[in-house]
Amino acid sequence: MANLTQLRMLEDLNGFLLIDKPAGIPFASVVKAVKRNFNLVKVGHGGSLDAMATGLLVLIVGDANKFANDLMAADRSYEGTMKLGLVTNTHDIYGEKTGGGAVPSSGLAEKIAAVLPEFKGDIFQTESRYCSIRKEGSAAYEIADTGDHKPFRAHVYRLKVAQAEGPTDALAFETKVSKSVLVKTLVNDFGRMLGCGAALATIRRTQLGKFSVMDAIPYDKLLTTELDDFSSCVLPVAKAFA
């Protein structure tokens, strides 16, 4: 139970909380848990993160929420892995298989090099109508039908795919993109151009604007933080934009 001094301190707290989110937890559950555990009145976020994703989740505390739109518009970076030879209706490995072909047993590196230039600069994407979600308290991913979506333009600053040494059905990648890019759709489109299909297997957000996951606190560790120490975890607005 928080005492009066602690409550007053938390009421006056404004800034950014950088969290390293684990896989399997909906980002909304993280927001709810932080708000409840630390008796916070106003908590926003700088961009959602799928349940399957790990990495940087920026929560916005108090009056710092006036900067939410700036964070939402910021570029972001990810690293992850894709599974070749698989196409799903959600563009990730948790969806229903809808296709996929044989992964080239030779010449894969050359095919990747030929395709990569198509994924730099402005691109057009169409979000899948199906989305894999994990509800709070659920042990499994469910598939939700979100309806048809229209194509939209986005921007890819960088997409690097690890060199394949010998036959493989998994590739590591890293990318820096604009706010609107759907990485799982990027992977789906990349696999389609390779000719064998690909689905997102893992994803980790490493950067959002000027914030880095290297400065984030692991979610489990945050939940064990004492109230008296919580304010030290929140990055003041002045320091964040220094």
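Residues numbered from 1 in each chain as written. Predicted model: local features only at pLDDT ≥ 70, side-chain atom pairs only at ≥ 80, totals over all residues. Heavy atoms only, no water.

### Re the environment of Lys42
For the record, the criterion: Numbering of helices and strands runs from the N terminus; a helix is a DSSP stretch of H or I covering at least four residues, while a strand is a stretch of E covering at least two. Only heavy atoms matter for contacts: two residues are in contact if any of them lie within 4.5 Å across the pair.
Following the sequence through the fold, Lys42 ends up in the loop between helix H2 (27-37) and strand S2 (43-45). For Lys42, the contacting residues outside a window of four places in its chain are Ile60, Val61, Gly62 and Asn65.

### Some points on unusual backbone geometry
Phi is mostly negative for residues that are not glycine, and the peptide bonds are mostly trans. Positive phi outside glycine occurs at Asn39, with the angle close to 50 degrees. In this fold, Asn39 is placed in the loop between H2 and S2. Backbone geometry at His91 places phi at a positive 70 degrees, although glycine is not the residue there. Residue placement: His91 occurs in the loop between strand S5 (87-88) and strand S6 (97-99).

### Quick word on the pairing of strand S4 (residues 76-84)
Each regular strand displays side chains that alternate between the two surfaces of the sheet. Rules: Only when DSSP finds a minimum of two bridges between them are two strands counted as paired.
Where S4 lies against strand S11 (residues 170-177), eight bridges are found, and the strand directions are antiparallel. Counted as the bridge partner of Glu79 is Glu174 from S11. Sheet topology note: the S4/strand S12 (residues 198-208) ladder contains nine bridges and is antiparallel. Residue pairing in the sheet places Lys83 in a bridge with Ala199 of S12.

### Considering the nonpolar core
As a reminder, the rule being used: Only buried Ala, Val, Leu, Ile, Met, Phe, Trp, Tyr and Cys residues count toward a nonpolar core, and they belong to the same one when joined by side-chain atoms within 4.5 Å. Each residue's exposure class comes from its accessible area (1.4 Å probe, protein chains only) as a fraction of the maximum for that residue type: buried when under 20%, exposed when over 50%, partly exposed otherwise.
Among the nonpolar cores identified, the biggest contains 51 residues, and Val34, Leu159, Phe190 and Phe230 are the most heavily contacted of them. Ignoring any residue separated from it by four or fewer positions in sequence, one finds Phe190 in contact with Met82, Ile112, Val115, Leu116, Phe119, Leu159 and Val161. One finds Leu18, Val58, Ile60 and Ala240 within the second-largest nonpolar core, a separate group that totals 14 residues.

### Here we look at the packing of aromatic side chains
Here is the rule we go by: The rule is short: rings of Phe, Tyr and Trp, with Trp giving its six-membered ring, pair when the centres are within 6.5 Å, and they are stacked under 30 degrees, edge-to-face over 60, tilted in between. Sitting over a ring, as applied to charges here, requires NZ of Lys or CZ of Arg to be within 6 Å of the ring centre and within 35 degrees of the ring normal.
For the structure on display, the rule yields four aromatic pairs. Ring geometry for Phe38 against Phe230: centres 4.0 Å apart, planes inclined by 15 degrees, an arrangement best described as stacked. Linking Phe38 in the loop between H2 and S2 with Phe230 in helix H7 (residues 227-230), this pair joins segments that are 192 residues apart in sequence. We classify Phe38 as buried; its relative accessible area is 1%. The ring of Tyr141 has Arg134 sitting right over it, with the charged end atom 5.4 Å from the ring centre. Here the basic side chain of Lys176 rests over the ring of Tyr157, its NZ or CZ set 5.4 Å away from the ring centre.

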